[in-house]
Amino acid sequence: LPEVTPARGRRVGRIGLLAGSIQRFLLPGINRATARALAAAGYEVMTPRDQGCCGALHLYTGDLEAGRALAKKMIETFERTQVDTVVANAAGCGSVMKEYGRLLRNETGWRDRAGAFSAKVRDVSEILSEVRWDGTLKPVPLTVTYHEACHLAHAQGIRSEPRSLLQQVPGIRLVELPESDLCCGSAGIYNMLQPDLADQLLRWKVQRIRETGASHVAIGNIGCLLQITLGLRQVNLPVQAVHPVELLDWSLHGMPAEAPSA
């Protein structure tokens, strides 16, 4: 991504975008869709090239020293951008960044800076669900179900916003996923540390997705996206896992050829 993505039309704010240590390499289309959608909503999007890891995976494994060091670097990076809001489109990253204030509360010179940073962090669905597009969205004729990432639903308490975002897209038929907030087995690095139990959770999640009859499952976290994509492929279930912001981007800029109507 360019470091600056200009707002389209009247600028309503300046947003810093977290690129993510994993997502920017494995599923970079999510970041591109996020920047385009935010720009279309009137936001200037700053994506610093020198941003590093948010420290989430280090903190999940108890490496607090490395996690705090990475948190400090992240704060310094986005302080230089002078943005109004820092947007995460990966629930695991966003949940940790919202906790920097607590993580660094006893660090000399960092308590106030970390608290100010965390107060600016929002999940992308919190921003885009509030946008009123005034008829600019094109139909996306898909049957979609929604998986609630644990770090979005449980850690951040964000449940209605992703659904609201999806419901704004004309043509989408949103089908509720049974046990949508049940873990898919990814859970940071749980699928690597406890593969047998993670596989059981994954099989259960894929069966629930199958029951919806949806052609696409929307997921707001990179770990869940990779885990559920694996599970869908293992059973040859023709369902595509996508980020909610990708569906919005399709409505704004056109559906890709590999996304057939369903």
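As shown above, the structure is provided for reference.
Just so it is clear, the structure is predicted and the values come from calculations on it, not from any experiment.

Draft legend 1. Fine view of the pairing of strand S2 (residues 13–17). Counting buried residues in S2 gives 4 out of 5 residues, a clear majority hidden from the surface. Here S2 pairs with strand S4 (residues 85–88) via 3 bridges, running parallel. Each bridged residue has a counterpart across the sheet, and for Ile-15 the counterpart in S4 is Thr-85.

Draft legend 2. Structural view of the pairing of strand S8 (residues 216–219). The alternating pattern of S8 places His-216 and Ala-218 on one face and Val-217 and Ile-219 on the opposite face, and all of these are buried. As judged from the 4 bridges shared by strand S6 (residues 143–147) and S8, these two strands associate in the parallel manner. In the strand pairing of S8, Thr-145 is matched with Val-217. Sheet topology places S8 next to strand S9 (residues 240–242); 3 bridges connect them, and they run parallel. Following the sheet pairing, His-216 is matched in S9 by Gln-240. On the question of chirality, the crossover connecting S8 to the parallel S9 by way of helix H13 (residues 222–234) is right-handed.

Draft legend 3. Main features of the nonpolar core. Residues Leu-128, Trp-133, Leu-232, Leu-247 and Leu-248 are the most contacted members of the largest nonpolar core, which totals 51 residues. Ranked by residue count, the leading element in this core is helix H2 (residues 28–40), at 6 residues. Apart from residues lying up to four places away in sequence, Leu-128 is in contact with Ala-37, Leu-38, Ala-41, Trp-133, Leu-165, Gln-168, Val-245 and Leu-248.

Draft legend 4. Representation of the sheet that holds S4. Pairing is mixed in the open sheet, where 5 strands are placed in the order S1-S3-S2-S4-S5. Every other strand in the sheet has two partners, leaving strand S1 (4–5) and strand S5 (121–123) as the edge strands with one partner each. Note that S1 and strand S3 (residues 43–46) share 2 bridges and pair antiparallel. In the sheet register, Val-4 faces S3, and the bridge partner there is Met-46. Each of S4 and S5 touches helix H7 (residues 111–120); the most contacted strand, S5, lies at about 25° to it.

Analysis parameters
- Residues numbered from 1 in each chain as written.
- Predicted model: local features only at pLDDT ≥ 70, side-chain atom pairs only at ≥ 80, totals over all residues.
- Heavy atoms only, no water.
- Buried < 20%, exposed > 50% of the residue type's maximum accessible area, 1.4 Å probe, protein only.
- Helix = DSSP H or I, 4+ residues; strand = E, 2+ residues; numbered from the N terminus.
- Pairing = 2+ DSSP bridges.
- Right-handed = clockwise from strand over helix to strand, strands pointing away.
- Core = buried A, V, L, I, M, F, W, Y, C linked by side-chain atoms within 4.5 Å.
- Contact = heavy atoms within 4.5 Å.
- Axes fitted to C-alpha atoms, helices over the stretch in contact; angles between N-to-C directions.

Shape descriptors only; they carry no functional weight alone.
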